[in-house]
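Below are the chains, spelled out letter by letter.
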Amino acid sequence: PNPGGKLHVLIASFPAYGHIIPLYELAKKVGKHHRVTFAVSAPKLSDLVKREIVNASDPVTLFGIEDGLVDDFDNPTDPGVMARVFQTVLPAFAQLMTVIPVRNGNISTVSGIATPVDIVITDNFLGGPAAISHQRGIPFYSFCTANATMLQIMLMLNEDSPTVEEADAEPFVKLPEPGEAPRPVPEAMKKLFLPMRTGLKFARGIIINSLRELDQEAIRAIDENGELKALTFHFVGPLLPEEKGANSEAQLATEGKVGKWLDAQAVNSVVYVSFGSVATPKPEQVTIIGDVLLALGQPFIWALREKHHQHLPAAIQAGITKQFDGSNDSKFLILDWAPQKLVLAHAAVSVFVSHCGWNSSLEALGSGKPVVAWPMFADQLENGKWLERLGAAVLIPDTGLKSAKVVSVEELNEAVVKVGGWKGGEVSVYGKAAQTWVDKISGAWAPGGSSEKEFLDLIRFQAKE
Ligand code: UDP
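Quick summary incoming for the structure in this document. (Residues numbered from 1 in each chain as written. Predicted model: local features only at pLDDT ≥ 70, side-chain atom pairs only at ≥ 80, totals over all residues. Heavy atoms only, no water.)

Here's the deal with the pairing of strand 12 (residues 332-335)
Look at any regular strand and the pattern is simple: side chains alternate between the two faces of the sheet.
For step 1, the next point in the chain: Judged by which residues are buried, strand 12 turns out to be covered on both faces: Phe332 and Ile334 on one side and Leu333 and Leu335 on the other are all buried.
For step 2, the next point in the chain: Here strand 11 (residues 300-303) runs beside strand 12; their pairing, made up of 4 bridges, is parallel. When the bridges of strand 12 are listed, Trp302 appears paired with Ile334. (Buried < 20%, exposed > 50% of the residue type's maximum accessible area, 1.4 Å probe, protein only. Helix = DSSP H or I, 4+ residues; strand = E, 2+ residues; numbered from the N terminus. Pairing = 2+ DSSP bridges.)

As C-alpha cells, this is what we get:
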C-alpha cells in the first residue's frame, strides 16, 4: 500500500506490565523496519520512562490514550480492579480505532497520529477494538503475551460457557482434563474473552511470545477448532524484557556485586528463589522457605521485596545487613529485585524455585536451569505443568493463592534436593532436560534463528495466498 515500502504500524497494548513489556520489545524490533506508533494508557507513560522500559533512542513514537485509567491495578489478583480496568480501557481503545486515519479513507486526524495507519497490532485482550480497525480496512494482528496453551483456554469459551462468582473462581486458568466438562469462569473473564475470540476470527495473524517447538501440542489443539483453522501463527519469542533498570547506576552496582558473589560460589550450587513481580507467598510460607534454605546449607539468592523481610527466619534477617559488606562470605543474598537473567545464566546456579510466570519459565529453559514449580495464580499452573511435562521441573501440588495448604519444610526440601541433584554430585535429570532447550531458546533471536525468521516473515505484512 505504501510505495516507499515503509508502513505505519500502530501497536496497542493493554496497560499491564506483563503486556506492555513484550509488546514494546516487539515495537522496537518492528521500528527498525517500519514507522511504529505505540499506544498505551497515558497515565502509564511516565512510569515507563522511569522504569527505563522506554528510552529516548528507541525507534518508536509513543501515543498516550486518555482512558481515564487510575493506575492502581498492579495487583491483578484483585478481580474488582481488573473489571474496572476493562470498563475504562476497552471503550477508549475502541474509540481510538474508530478515529485513526486510514489510507485512501476518510481521514480524521487524531492529534498525535497524523500518518495513516497501515497495520494494527494489539494484544489479544483488545480483540474487540481491533475488529473495528479491520472493519475500516486496516489489517490487524493479535499478540498473545502468554503461550499457545493460554490461547487455547481463552478460545474454548463460548456464549454457553458456565460462570461462577468471582470469589468462588479458581486462582488458575486451567485446561480441563480429558473428558472433563468446561471449567466455569468468572463472568468478567467471559466478557473479556468472548470479544477476543470474535476479534481473532478477523486477525490476519497471531503473534505469540513463544517458540513453535515449545508450543506444538497446543497449536494442534487450536487447529482442531474448525473456526480458527485458517489462523496464521507467528512465533517470535522470547520477547524478554531488557534487564529492568539495568541502565541505572544503582542497578549496575547491584549487578556487579551479585555477579561477584556468584563467581565466588561453586558451580551448580546456588538455589535461586523468585516469585516474579506480583506474587509473594503467604507470610508463614516465607518463613518455611527460609528455614528450608538455611537447613539445606546450599548458597542461595532470594528476590523478596523488602516489606516481606519481616517474615524471614531471624538468621536470614540478621545476615541481610552484611550480605554486601565486601567480604563476599555471606552464604546468601536477599534482593528486593534480582537481575534475574544474569542470575539464571550463571554456572553457579543450579535450581530455580519459581512461580512459573511465562517470562520466568522461558528464562529458566533459555538458561538451562531446572525449576521447583510453585505456581500461584492465572496461567502459572499451566506453565508449571508444562515445565513438568518437559521433564525440567518438579511441581509442588496445590500452591494456588486461594489454597489453605501450607507447603511443609519436608515437601519443599525434597523437591529442591531432587531438582538440585547435589546428592548425585552432578546435574539432575531435571537440569539435563532444561539444558536441551538452551540453544533453541537463546538462539531463537540469533541471526538465522527461528524467531528472527518468523519475525522477518511477519513484517512483510503480506496476506497469505
Ligand atoms: N524479574 C526480575 N527480578 C526479580 C523478579 C522478576 O528481573 O526480582 C523479571 C523476570 O526476569 C521476568 C519478569 O520480571 O522477566 C517477571 O515476569 P513473569 O512472567 O515471570 O512473572 P510476573 O511478574 O508477570 O508474575
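Quick word on the site of the ligand
For step 1, the next point in the chain: As a matter of local geometry, the ligand sits amid 15 residues, with Ser277, Ala338, His355, Ser360 and Glu363 nearest to it.
For step 2, the next point in the chain: The side chain of His355 places a nitrogen or oxygen atom 2.9 Å from an oxygen atom of the ligand.
For step 3, the next point in the chain: The separation between an oxygen atom of the ligand and a polar main-chain atom of Asn359 is 3.1 Å.
For step 4, the next point in the chain: Taking 540 Å² as the accessible area of the ligand by itself, protein coverage stands at 90%.
For step 5, the next point in the chain: Looking at which element gives the most residues to the shell around the ligand, the answer is helix 12 (residues 358-366), with 4 residues.
For step 6, the next point in the chain: Within the shell around the ligand, the residues separate by chemical class into 5 nonpolar, 8 polar and 2 charged. (Near = heavy atom within 4 Å. Polar contact = N/O pair within 3.5 Å; in protein donor to acceptor, adjacent residues only side chain to side chain. Areas by Shrake-Rupley, 256 points an atom, 1.4 Å probe, with all protein chains shown as cover. Nonpolar A, V, L, I, M, F, W, Y, C, P; charged D, E, K, R; others polar.)

Thoughts on the nonpolar core
For step 1, the next point in the chain: In terms of nonpolar packing, the biggest core is built from 39 residues, with Leu10, Phe14, Leu96, Ile100, Ile113 and Val120 touching the most fellow members.
For step 2, the next point in the chain: Put simply, the parts of the chain that give this core at least two residues each are strand 1 (8-12), strand 3 (61-65), helix 3 (79-99), helix 5 (148-156) and helix 6 (187-202).
For step 3, the next point in the chain: In terms of residue count, helix 3 provides more of this core than any other element does, 7 residues in total.
For step 4, the next point in the chain: Not counting residues within four places of it along the chain, the set of residues in contact with Leu96 comprises Leu10, Ala39, Phe63, Ile65, Val110 and Ile113.
For step 5, the next point in the chain: Formed by 35 residues, the second largest nonpolar core is a distinct cluster that contains Leu214, Trp261, Leu344 and Ala434. (Core = buried A, V, L, I, M, F, W, Y, C linked by side-chain atoms within 4.5 Å. Contact = heavy atoms within 4.5 Å.)

So, the pairing of strand 13 (residues 349-354)
For step 1, the next point in the chain: Burial within strand 13 is extensive, with 6 of its 6 residues counted as buried.
For step 2, the next point in the chain: For strand 10 (residues 270-274) and strand 13, the ladder comprises 5 bridges, and the chain directions are parallel. Looking at strand 13, one finds that Tyr272 is bridged to Phe352.
For step 3, the next point in the chain: Sheet topology places strand 13 next to strand 14 (residues 371-373); 3 bridges connect them, and they run parallel. Bridging from a neighbouring strand, Val353 pairs with Val372 of strand 14.
For step 4, the next point in the chain: Taking the sense of rotation as the criterion, the β-α-β connection linking strand 13, helix 12 and strand 14 turns out right-handed. (Right-handed = clockwise from strand over helix to strand, strands pointing away.)

What to know about helix 6
In an α-helix there are 3.6 residues to a turn, and that puts residues three or four apart on one side.
For step 1, the next point in the chain: Across its 16 residues, helix 6 extends 24 Å between first and last C-alpha, which sits within 8% of the 22 Å expected from 1.5 Å per residue.
For step 2, the next point in the chain: Among the residues making up helix 6, those that are buried are Lys190, Leu192, Phe193, Leu194, Met196, Arg197, Gly199 and Leu200. (Expected span 1.5 Å × (residues − 1).)

Looking at the packing of helix 12 against helix 13 (residues 380-389)
For step 1, the next point in the chain: The contact between helix 12 and helix 13 brings their axes to 10 Å, and the two run at 20°. Considering their axes alone, helix 12 and helix 13 lie roughly parallel with respect to each other. Considering how the two elements wind past one another, helix 12 and helix 13 form a crossing that is right-handed. Side by side, helix 12 and helix 13 meet where Trp358, Ser361 and Leu365 of the first sit next to Asn383, Trp386 and Leu387 of the second. (Axes fitted to C-alpha atoms, helices over the stretch in contact; angles between N-to-C directions. Parallel < 35°, antiparallel > 145°, perpendicular 65-115°, else oblique. Left-handed = near helix turned anticlockwise from the far one by under 90°.)

Quick notes on unusual backbone geometry
For step 1, the next point in the chain: The omega angle of the peptide bond from Gly237 to Pro238 is -5°, so this bond is cis rather than trans.
For step 2, the next point in the chain: Locating Pro238 in the fold gives a position in the loop between strand 9 (233-235) and helix 8 (249-263).
For step 3, the next point in the chain: Positive phi, normally seen in glycine, also occurs at Asp398, with a value near 65°.
For step 4, the next point in the chain: By the secondary structure assignment, Asp398 is in the loop between strand 15 (393-395) and helix 14 (409-420).

A look at the sheet that holds strand 10
For step 1, the next point in the chain: Taken together, 6 strands build an open sheet; the order of strands is 12-11-10-13-14-15 and the sheet is parallel. Taken across any chain shown, the strands that pair with only one partner, and hence form the sheet edges, are strand 12 and strand 15. For this sheet, the mean angle separating the axes of adjacent strands, direction not counted, is 15°.
For step 2, the next point in the chain: Across the face of the sheet, helix 14 comes into contact with strand 10, strand 13, strand 14 and strand 15 while running at roughly 155° to strand 14.

Some points on the packing of aromatic side chains
For step 1, the next point in the chain: For the coordinates displayed, the defined rule picks out 9 aromatic pairs.
For step 2, the next point in the chain: With centroids separated by 5.1 Å and ring planes inclined at 75°, the aromatic side chains of Phe14 and Phe125 adopt a geometry described as edge-to-face. With Phe14 in the loop between strand 1 and helix 1 (17-30) and Phe125 in the loop between strand 4 (119-123) and helix 4 (127-135), this pair connects stretches of sequence that are 111 residues apart. As far as the burial class goes, Phe14 and Phe125 line up, both buried.
For step 3, the next point in the chain: Look at Trp358 and Trp386: their rings are 5.0 Å apart centre to centre, the planes differ by 55°, and that puts the pair in the tilted class. Taken together, the residues span a long stretch of sequence, with Trp358 in helix 12 and Trp386 in helix 13 at a distance of 28 residues.
For step 4, the next point in the chain: According to the relative accessible area criterion, Trp358 is buried, its value standing at 5%.
For step 5, the next point in the chain: Using a relative accessible area of 5% as the deciding quantity, one classes Trp386 as buried.
For step 6, the next point in the chain: Over the face of the ring belonging to Trp445 we find Lys29, whose NZ or CZ atom lies 3.9 Å from the ring centre. (Phe/Tyr/Trp six-rings, centres within 6.5 Å; stacked < 30°, edge-to-face > 60°. Lys NZ or Arg CZ within 6 Å of the ring centre and 35° of its normal.)

Section: the sheet that holds strand 9
For step 1, the next point in the chain: One open sheet accounts for 7 strands, arranged 3-2-1-4-5-8-9; its pairing is parallel. The open sheet terminates on both sides in strands that have one partner only, identified here as strand 3 and strand 9. The mean inter-strand angle of the sheet, taken between neighbouring strand axes irrespective of direction, is 25°.
For step 2, the next point in the chain: By the bridge criterion, 5 bridges tie strand 2 (residues 35-41) to strand 3 in an arrangement that is parallel. Note that in strand 3 the partner of Val40 across the bridge is Gly64.
For step 3, the next point in the chain: Of the strands in this sheet, strand 2 and strand 3 are in contact with helix 2 (residues 42-50), which crosses strand 2 at around 110°.
For step 4, the next point in the chain: Contacts from helix 17 (residues 450-458) reach strand 5 (140-144), strand 8 (205-208) and strand 9 within the one sheet, and its direction differs from that of strand 9 by about 135°.

That's the geometry; what it means functionally is another story.
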